[in-house]
Each structure stands twice: as structure tokens, then as C-alpha cells.
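# Per-entry structural report
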Amino acid sequence: MHLETGRPMRGQALERLKAFLRLCGLDYDEGIGFTAVLVEDGEIIATGSLDGPTLKCIAVSPMHQGEDLSARTLTELRREALDRGEDRLLLFTKPSNEAMFRPFGFHPLVRTADCLLMEDRRDGLARFLAGLERPDRDVETGCIVCNCNPFTLGHRFLIETAARQVPALHVFVLSEKKSLFPPEVRLQLVREGCRDLKNVFVHETGPYMVSSATFPSYFIKDKARVDEIYCELDIRLFGERIAPALRITRRFVGTEPICPVTRFYNEQLKARLPGYGIALTEIPRRECGGEAISASRVRALMEEKNIEAIRPLVPEITYDTIRRMLNACND
């Protein structure tokens, strides 16, 4: 038996991996960045993959169960994660797999009937939340979760409007790395763009709020229900763990005239959040030229290198950042 790795797997090695996962009842997740496989007599007998801090596609051949192959695979994935600077690991799996991962130090964060989210820290979420800046007194607190890829005047309008309605507002900027603008850049743009709003607290989400674009579905058979399953898990984690810790009683979203996935998510928020004592407020989008301002529109204009058309859609700090990015591409 020997170990093979890929960053990620490609060509015939990838096709062989996909075939093995299908035999184990799993799909290959396209977001994977690193894979480890254990091979015996030319056949894969165990595998596991990594996407940022998230473990994916962990499987052991039915013929080799009970041989501690999961432990060897997880050791290799942890080593790779540490080399990449990841300080914690998460995994999404079927709820029935909880007992499989507990011996390896993984603890449940939140579960639904279809999905379980686990972390390799017993108190990781609690420590993350305890470290966030917050109001120094108990006041009505609101929340916005956004990607801001990039931060636009539409985002600024949403945040400013919400901040007028509550004494304190938490703004979480998704930490996912699959956006055009890196997470640290998006976070800095929002912080700089909202510095004058004294009751606004801007945070990264860490791995604790997952967008629909990065939610793994490799273990979900009914692909038509992926968005529904994602929404339930994300909202439950927010409602059960995050909102109570930060005393959040209101959540704000912008109306969604463009993206059906986001519109569905907003509808799920409206239906589910009241069950956690959280009210949802939809704020009409800011428009420019009769069209809702959106980050996707800005990105399209960047593709066209139409810098002047971008100017009325974004704050000055975002405009300067985009201009530097486009100039760098031209050099």
C-alpha cells in the first residue's frame, strides 16, 4: 500500500478517483484543491480531499473497512492543511457519519436531517464569536451577511440604511477564497467604506458562514434539494449559535431582482428566522441609471475594462482598488 497525492488530481488519476467515489456513493467536488489516495495493487482503497479548511470526499473501500485507513488519510490531510496555514478543519457529512469522525477529534457544530457540520475544535465557534468587537452595552442588534465582491454603493446603501434602524449592526463579510477579490481585500474595502458609521462592526465570517457557491454537495443524492439543504444548515447555525452569542434580533438583506439563488435564500430567511426570534427586513436595492447596483455588474464592466462606467457604482476606495487591478493587468 502506498500514498499518492494531487494538487488537485488531474487526467487519468482524476477519472480513477471519481470512479472510486461513485462506488462509495459520493460525487467528486469541483472545489477540491488537494487529494490524498491510498493505493494497493493498483486500486484506490481510501481517499480524502481538502478545499481550504474543509475536508471533502473522505471514503474507504467497503473491502477495507476497519483497517484505520481513514486515520492515515486524515493525517495526510491535516499535514497539508497545516502547510497551507489553515488553523482549523471542518467537514460536512451525513448525520449518520458522526460516530466515524468523533474519534479523530471532530465535534458537531450544527446538524439538520440531511447534513452535519463538524469542526476539529470543541470550542472553535465560541472562541471566534468571543473575539469579535461588539457594543459595550446590551442594545438591539442587527446583522448583515454579504460577499461584497467587490464592495459597491449598493452595499453601502444597505449597510447605512440598516444602521439607522438599530443601535448596533454587525456586518459579516464572507471569508471564501473563490471570489475575484480576495477575502482580505473585500474585508478591508468594507471596513474603510463604513468607517464613518460608528455603530457598525465589520467582521470576517471565518469558516462559520458558507455561501451557496461553496457549500459542498458531494454526499447529497438529491441534487435538486442542495439549495434547500444549504439554506437550512446555514440558517440553523446562525439562529442557534451565532445570533444568541451576539444578541442579534434583526437581520437585513437587500431585495434580489437578479439572482434566483439569492432570492430563494432570502425567502428561506424570511420563513425560518422568526422561529429563532429574529426579524428579517428587506431593503430595496439602490439603483443607478434605472438598474439595481450589483457587484456582478461591476465585475462585468471590469471584464470590459470600462473603468469610467464603474465609477458611479462604487465608493472611492473600491474604485481606486479596481483601477489599480486593471492597470496591473495592462502592464
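Residues numbered from 1 in each chain as written. Predicted model: local features only at pLDDT ≥ 70, side-chain atom pairs only at ≥ 80, totals over all residues. Heavy atoms only, no water.

Turning to the overall build of the protein, a few remarks are in order. Of the regular secondary structure elements, the protein holds eleven helices and 14 strands. By the compact-globule yardstick of 20 Å for 331 residues, the protein fits well, its C-alpha radius of gyration being 21 Å. Counting contacts in the protein only where the partners sit at least 6 residues apart, residues at least 24 apart contribute 69% of the total. When the accessible surface of the protein is totalled, it reaches about 15600 Å², and 48% of it is carbon and sulfur. Seen as two clouds, the 46 positive and the 48 negative side-chain charges of the protein have centres 3 Å apart. (Helix = DSSP H or I, 4+ residues; strand = E, 2+ residues; numbered from the N terminus. Rg over C-alpha atoms; globule rule 2.2 N^0.38 Å. Contact = heavy atoms within 4.5 Å. Areas by Shrake-Rupley, 256 points an atom, 1.4 Å probe, with all protein chains shown as cover. Lys, Arg positive; Asp, Glu negative; His and termini not counted. Charge placed at Lys NZ, Arg CZ, Asp CG, Glu CD.)

A full pass over the atoms with the stated rule returns six aromatic pairs. Between Tyr230 and Tyr265 the ring centres are 5.7 Å apart and the planes differ by 25°, which places this aromatic pair in the stacked class. On the criterion of sequence distance, the pair formed by Tyr230 in helix H7 (residues 226-246) and Tyr265 in helix H8 (residues 260-272) is long-range, its members being 35 residues apart. Both residues of the pair, Tyr230 and Tyr265, belong to the buried class. Members of the aromatic cluster, connected to one another through ring pairs, are Phe92, Phe215, Tyr230 and Tyr265. (Phe/Tyr/Trp six-rings, centres within 6.5 Å; stacked < 30°, edge-to-face > 60°. Buried < 20%, exposed > 50% of the residue type's maximum accessible area, 1.4 Å probe, protein only.)

Further remarks concern the sheet that holds strand E8 (residues 141-146). Within a sheet, each strand pairs with its neighbour through backbone hydrogen bonds, oriented either parallel or antiparallel. Within the open sheet, the five strands sit side by side as E10-E9-E8-E11-E12. Their pairing is parallel. The open sheet is flanked by strand E10 (200-204) and strand E12 (279-283), the only strands paired with a single partner. Averaged over all neighbouring strand pairs, the angle between strand axes comes to 25°, with direction disregarded. In the packing of H7 onto the sheet, contacts are made with E8, strand E9 (168-173) and strand E11 (248-254), and the angle to E11 comes to roughly 115°. (Pairing = 2+ DSSP bridges. Axes fitted to C-alpha atoms, helices over the stretch in contact; angles between N-to-C directions.)

As enumerated under the stated definition, the model contains zero disulfides in all. Cysteine Cys288 shares no disulfide, and the gap to the nearest cysteine sulfur, in Cys148, comes to 18 Å. (Disulfide = S-S within 2.5 Å.)

A word on the pattern of salt bridges. Across all of its chains, the model carries 28 salt bridges by this definition. Its salt-bridge partner being Arg164, residue Glu160 comes within 3.9 Å of it at the nearest N-O pair. For Arg164, a relative accessible area of 60% corresponds to the exposed category. A salt bridge links Glu291 to Arg297, with the shortest nitrogen-to-oxygen separation between them at 3.8 Å. Of the residues examined, Glu291 reaches a relative accessible area of 41% and is grouped as partly exposed. Judged by its relative accessible area of 22%, Arg297 falls in the partly exposed class. What emerges from the salt-bridge pattern is a single network uniting Asp29, Asp51, Lys56 and Lys178. (Salt bridge = Lys/Arg side-chain N within 4 Å of Asp/Glu carboxyl O.)

Before going further, it helps to examine the sheet that holds strand E3 (residues 43-51). In spatial order, the strands read E1-E2-E3-E4-E5-E7-E6; together these seven strands make up an open sheet with mixed pairing. Edge positions in the open sheet fall to strand E1 (2-6) and strand E6 (107-111), since each of these has one partner strand only. Neighbour-to-neighbour, the strand axes of this sheet turn through a mean angle of 25°, independent of strand direction. Relative to strand E7 (residues 116-119), strand E5 (residues 90-93) runs antiparallel, the two sharing four bridges. Bridge pairing in E7 places Thr93 opposite Leu116.

A few words now on the nonpolar core. Membership of the largest hydrophobic core comes to 50 residues, with the highest contact counts inside it found for Leu17, Phe92, Leu117, Leu125, Phe215, Phe238 and Ile242. With eleven residues, H7 is the largest single contributor of residues to this core. With residues near it in sequence (within four places) discarded, Phe215 still touches Phe92, Cys115, Val210, Ile220, Val226, Ile229, Tyr230 and Leu233. In this structure, Ala162, Val171, Leu189 and Leu197 belong to the second largest nonpolar core, which totals 21 residues. (Core = buried A, V, L, I, M, F, W, Y, C linked by side-chain atoms within 4.5 Å.)

Helix length check: helix H2 (residues 69-83) (15 residues) gives 22 Å between terminal C-alpha atoms against 21 Å at 1.5 Å per residue, within 8%. The set of residues buried in H2 consists of Leu69, Ser70, Thr73, Leu74, Glu76, Leu77, Glu80 and Ala81. The buried side chains of H2 occupy one side of the element, clustering within an arc of 160° when seen end-on. Facing away from the buried side of H2 by more than 90 degrees, the exposed set consists of Leu82 and Asp83. Looking at the buried residues of H2, the elements they touch are E1, strand E2 (34-40), E3 and strand E4 (54-60). Phi turns positive one or two residues past the end of H2, at Gly85, with a value near 85°. (Expected span 1.5 Å × (residues − 1). Arc of directions from axis to C-beta.)

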